[in-house]
Amino acid sequence: MNHSGWARVIALIFPYFIIVGLFHVAGAFVAGIPFGDNDFQKSSLQQLIMTFFSFLGTLLLVWIFMKYMDKQNFMDVGLQIKNRKNDIIIGTLLGLVIMGLAYVSLWAAEEIIYTEYNFDVLELIYTTLLFILVAILEEVLFRGYILKNLMLSFNKYIALIISSIVFAIAHGANPNISLFSLTGLFLAGIALGVSYIYTKNLWYPIAFHFSWNLFQSLFGFNVSGQDIYSIIEFTVPENNMMNGGQFGFEGSIFSLITELTLAALIIYYYQVKKRQPIKNENI
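Notes on the structure follow. Bear in mind the structure is a predicted one, so any value in this text is a computation, not a measurement. (Residues numbered from 1 in each chain as written. Predicted model: local features only at pLDDT ≥ 70, side-chain atom pairs only at ≥ 80, totals over all residues. Heavy atoms only, no water.)

1. Regarding the overall build of the chain
Our working definition: Here a helix means four or more residues in a row that DSSP labels H or I, a strand means two or more in a row labelled E, and each is numbered from the N terminus. To get the radius of gyration, use the C-alpha atoms; to get the globule rule, take the number of residues to the power 0.38 and multiply by 2.2 Å.
Of the regular secondary structure elements, the chain holds nine helices and two strands. Ordered by position in the sequence, the α and β elements of the chain form the string α-α-α-β-α-α-α-α-α-β-α. Taking 283 residues into account, the globule formula puts the C-alpha radius of gyration at 19 Å, and the chain, at 19 Å, falls close to it. Referenced to the eigenvectors of the C-alpha coordinate spread, the extents of the chain come out at roughly 60 × 45 × 35 Å.

If you want it as structure tokens, here you go:
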């Protein structure tokens, strides 16, 4: 076993809390968020500013580790964009289709009840930027660095499982969390990371992560327990595993099935692709 991979992941933990924590404090100061007031309701702009500072802190941390620990260029986390247009398109469309179908299905089953339409251009811009930052910072950290290094020490599927557990634990303090929704976050880590173990590229998971979060929010669901701007507003007659309750779609049985199905399809696709004979270009 190559111990350097998992050792670097362990070594990342303490500096993460220091560096990202300092950026988080700086973000709160710039955004004008009072310290120690846990009940303070952040505006969309304040939330975006906070996320931007966390984004900077996370990318700085990964850059330092890539340069001085891994001895690699930062882009080697999987940010090479050449020939990745289809990954971005497919990932983005997938999130839209899944959340659109989720909303229509749950509305038809009367698991959610439409209340109002709330279109605000500025809120839409803030929310879109927010989820772009979240998708990039989380994919660079959890897939681009943690999963990449775990794959040096373990079988790629074991590495995927461990990184997905870490991903779920990192969201463990989110509002309205439960054991069931924590399982959903673990499977989300699987669905987001499974393409990376074959491609070593982040653009599909970044696009899918962004789209999944954005359209989940715009269609009225909470995102990992957090209430963010929605174009469509609805109420939930009863919190249950069908509609995800206050955690959002990710806390529903449909989300778990979707994530498992996607992971299985991606594995099948790359396994079949791997078995295909290489064509001789000279023939």
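2. Some details on helix α6 (residues 179-193)
Rules: By this rule, a helix spans an expected 1.5 Å times one less than how many residues it contains. Per-residue accessibility, obtained with a 1.4 Å probe over protein chains only, is compared with the maximum for each type, and a residue is labelled buried under 20%, exposed over 50%, and partly exposed between these values. Contacts are assigned to residue pairs with any non-hydrogen atoms lying within 4.5 Å of each other.
For α6, built from 15 residues, the straight-helix expectation of 21 Å at 1.5 Å per residue is met to within 8% by its first-to-last C-alpha distance of 21 Å. Turning to α6, its buried residues are Ser181, Gly184, Leu185, Leu187, Ala188, Gly189, Ile190, Ala191, Leu192 and Gly193. The secondary structure elements touched by the buried residues of α6 are α4 (121-153), α5 (156-170), α7 (196-199), α8 (203-218) and α9 (253-275).

3. What to know about α8
With 16 residues, α8 extends 22 Å between its outermost C-alpha atoms, agreeing within 8% with the 22 Å of an ideal straight helix rising 1.5 Å per residue. The element α8 is extensively covered by neighbouring structure, given that 16 of its 16 residues are classed as buried.

4. Some remarks on the packing of aromatic side chains
We count it as follows: Stacked, tilted and edge-to-face are the three classes applied to pairs of Phe, Tyr and Trp rings, where Trp contributes its six-membered ring and a pair requires centres within 6.5 Å; stacked means planes under 30 degrees apart, edge-to-face means over 60, and tilted covers the rest.
Enumeration according to the criterion identifies 15 aromatic pairs in this entry. Relative to Trp212, the ring of Phe208 has its centre 5.6 Å away and its plane inclined at 75°; by these criteria the two rings are edge-to-face. Residue Phe208 and its partner Trp212 are located together in helix α8, separated by four residues, close to a single helical turn. With relative accessibility at 2%, the residue Phe208 sits in the buried group.

5. So, the packing of α6 against α9
Just so we agree on the cut-off: Angles run from 0 to 180 degrees between N-to-C directions of axes, and those axes are lines fitted to C-alpha atoms, restricted for helices to the stretch in contact. In these notes the angle categories are as follows: under 35 degrees is roughly parallel, over 145 is roughly antiparallel, 65 to 115 is roughly perpendicular, and the rest is oblique. A clockwise turn of the near helix away from the far one marks a right-handed crossing, whereas an anticlockwise turn of less than a right angle marks a left-handed crossing. Ten residue types, Ala, Val, Leu, Ile, Met, Phe, Trp, Tyr, Cys and Pro, are classed as nonpolar, four, Asp, Glu, Lys and Arg, as charged, and the remainder, Gly among them, as polar.
The contact between α6 and α9 brings their axes to 9 Å, and the two run at 20°. When the interaxial angle is binned, α6 and α9 end up roughly parallel. Of the two possible hands of crossing, α6 and α9 adopt the one that is left-handed. Between α6 and α9, the residues in contact are Phe180, Thr183, Gly184, Leu187, Ala188, Ile190 and Ala191 and Ile253, Leu256, Glu259, Leu260, Ala263 and Ile266, respectively. Counted by class, the contact of α6 with α9 contains ten nonpolar, two polar and one charged residues.

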